[in-house]
Each structure stands twice: as C-alpha cells, then as structure tokens.
Amino acid sequence: MTALPRSEPRNSGLMQNLAGIALVVMLAALGIAYLVDEAGRSDGRKAPSLDDGEALAQTVGGRELTIPKNWFRFGEQMQSGFVSQVDLSVELPLGRVDVTLLPRSRAKSSSELLDSVYVHQFAKGTEMGVPGLIGQKLEGNGYAGEAIWYDALAPKPFVAKCIDAIEADAPDKCVRTVHLASGLAAIYSFDETLLPAWRDFDAEMGQWLERIGAN
C-alpha cells in the first residue's frame with residue numbers, strides 16, 4: 001500500500017516541482033519524437049516483430065544488446081558500438097510502445113516516484129476507467145492535465161503517468177519507467193488506450209527485452 005504523506009524538508013516541494021517539470025518536458029519530447037518517427041518510417045521499414053533478423057550490437061550502461069535494425073526508432077541510431085541510450089519501437093497486441101533503454105542511475109522508476117513525488121501532489125478524489133487501477137489527478141505547479149494510474153495493492157505496483165493529449169481527438173500519452181535486472185532502466189511511452197491491459201504489459205514487454213538481452 002502507498003504510504004501517507006509525511007512532513008519533509010523545506011526544499012522538498014521545490015525538488016518535487018522540478019521533477020514534475022522534467023517529466024512534462026520528457027513527455028513533450030516523446031510526442032515530438034513520435035511525429036518525427038512516423039515521418040521516418042516512410043523509408044519503407046516494416047513494423048517491428050519478435051522474428052526480425054539483421055541485428056547489430058550496441059552497448060549501453062555496460063550491457064551489450066543485440067538489436068534488430070527494424071526496431072530502432074530513428075534510423076541514424078543504427079550504428080554498432082557504445083551508446084548513452086537506445087531508442088526503440090515495438091508492437092504489442094494492443095498497440096505500439098516506444099522504449100528508451102539507459103543506465104539505471106539515470107532514471108527513477110515510476111514506483112519510486114509514486115511514493116517520493118506523486119503521492120504528495122494528489123488532488124482530492126479518484127479517476128475511473130481502468131479496471132484494477134486507481135487514477136488520481138495531480139495538482140500544483142507543473143502538473144496541469146496529468147494523472148497517475150497505479151495498482152494500490154502490489155508491493156511493487158504498476159504505475160503510469162499520463163498527460164492530456166494536445167489534439168482533441170488524440171489519445172492521452174503515458175510514461176512508465178521500470179528498473180530491469182540487467183542494470184538498465186526502461187522508459188515506456190504509449191497511448192492511454194493500452195492501460196486496460198496493464199496486467200500483461202510488463203510480461204509482453206519482457207519478451208521484447210529478453211530478445212535483445214536487456215531484461
């Protein structure tokens with residue numbers, strides 16, 4: 001269960017707001033990257049598949065990955081060697097997920113942020129719409145239009161942060177960050193329409209990560 005808020009040092013509110021602003025910037029950047037990638041896919045590459053071959057080796061955070069070329073989100077990243085992060089796109093049964101792999105030290109997991117940041121910014125009341133998950137809007141500077149969806153019963157809960165779509169007819173965008181046993185962190189970006197399948201999300205993603213040696 002998520003702990004209730006406790007009193008914190010004077011600068012805690014500032015740090016929380018900075019963390020929230022950083023996440024908003026990241027979501028906006030992911031949205032722009034999505035549009036750029038959609039344009040880039042006009043180069044004729046087919047949708048990624050677990051059966052894809054023609055892979056290349058990249059090392060991130062001391063972990064060597066063998067990645068099919070068709071999984072790369074951006075064509076210019078298809079180079080072997082040492083990299084600071086890896087940006088990929090995969091296809092789950094319900095839709096596309098963009099994945100950024102980077103050293104664990106560079107990203108806090110969403111479950112950590114739930115207790116250290118998000119819980120202190122929850123507005124009153126809960127959101128409905130995703131069976132098994134609790135939805136709560138965030139309030140305060142830098143959190144407008146954002147909501148957290150989480151499993152309140154798990155010791156290491158599923159947690160996703162979602163932000164209202166810019167376009168009226170577009171689905172909201174969500175971000176979930178997890179720490180992998182490999183020592184890497186995975187940042188997932190996906191449409192909110194995938195949330196009803198949250199129980200299978202990590203297992204489905206695990207197949208793709210295991211395929212390249214990241215899990």
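Everything below is about the structure printed above this text.
These remarks concern the structure in this document.

Remarks on the overall build of the protein chain
Next up, step 1: Across its full length, the protein chain holds 3 helices and 10 strands.
Next up, step 2: Secondary structure elements of the protein chain, listed N to C terminal, follow the sequence α-β-β-β-β-β-α-β-β-β-β-β-α.
Next up, step 3: Across the 215 residues that make up the protein chain, the buried fraction comes to 44%.
Next up, step 4: For the protein chain, the proportion of contacts with a sequence separation of at least 24, taken over those separated by at least 6, is 51%.
Next up, step 5: Of the roughly 11300 Å² of accessible surface on the protein chain, 56% is carried by carbon and sulfur atoms.

Let's talk about the pairing of strand β4 (residues 86-92)
Next up, step 1: By the criterion of burial, β4 is predominantly enclosed, with 6 of the 7 residues buried.
Next up, step 2: By the bridge criterion, 7 bridges tie β4 to strand β5 (residues 95-103) in an arrangement that is antiparallel. Within β5, the position partnered with Glu-91 by the bridge is Arg-96.
Next up, step 3: Connecting β4 to the next strand, β5, in antiparallel fashion are 2 residues.

As for the state of the cysteines
Next up, step 1: Considering all chains together, one arrives at 1 disulfide under this definition.
Next up, step 2: Between the sulfur atoms of Cys-162 and its disulfide mate Cys-174 the distance is 2.0 Å. Across the S-S bond of Cys-162 and Cys-174 the torsion is about 100°, and the bridge reads as right-handed. Of this pair, Cys-162 sits in strand β8 (residues 159-163) while Cys-174 sits in strand β9 (residues 173-179); the two residues are 12 residues apart in sequence, bridging distant segments of the chain. Like Cys-162, the residue Cys-174 is buried in the burial classification.

Topic: the pattern of salt bridges
Next up, step 1: For the coordinates displayed, the defined rule picks out 8 salt bridges.
Next up, step 2: With a shortest N-O distance of 3.9 Å, Arg-73 and Asp-87 are connected by a salt bridge. With Arg-73 in the loop between β2 (63-68) and β3 (81-82) and Asp-87 in strand β4, this residue pair connects regions lying 14 residues apart in the sequence.
Next up, step 3: Under the relative-accessibility criterion, Arg-73 is labelled buried at 3%.
Next up, step 4: The exposure class assigned to Asp-87 is buried, which follows from its relative accessible area of 5%.

Points about unusual backbone geometry
Next up, step 1: Although it is not a glycine, Glu-54 adopts a positive phi angle of roughly 50°.
Next up, step 2: Mapping Glu-54 onto the fold places it in the loop between α1 (12-40) and β1 (55-60).

Basis of the calculations
- Residues numbered from 1 in each chain as written.
- Predicted model: local features only at pLDDT ≥ 70, side-chain atom pairs only at ≥ 80, totals over all residues.
- Heavy atoms only, no water.
- Helix = DSSP H or I, 4+ residues; strand = E, 2+ residues; numbered from the N terminus.
- Buried < 20%, exposed > 50% of the residue type's maximum accessible area, 1.4 Å probe, protein only.
- Contact = heavy atoms within 4.5 Å.
- Areas by Shrake-Rupley, 256 points an atom, 1.4 Å probe, with all protein chains shown as cover.
- Pairing = 2+ DSSP bridges.
- Disulfide = S-S within 2.5 Å.
- Salt bridge = Lys/Arg side-chain N within 4 Å of Asp/Glu carboxyl O.

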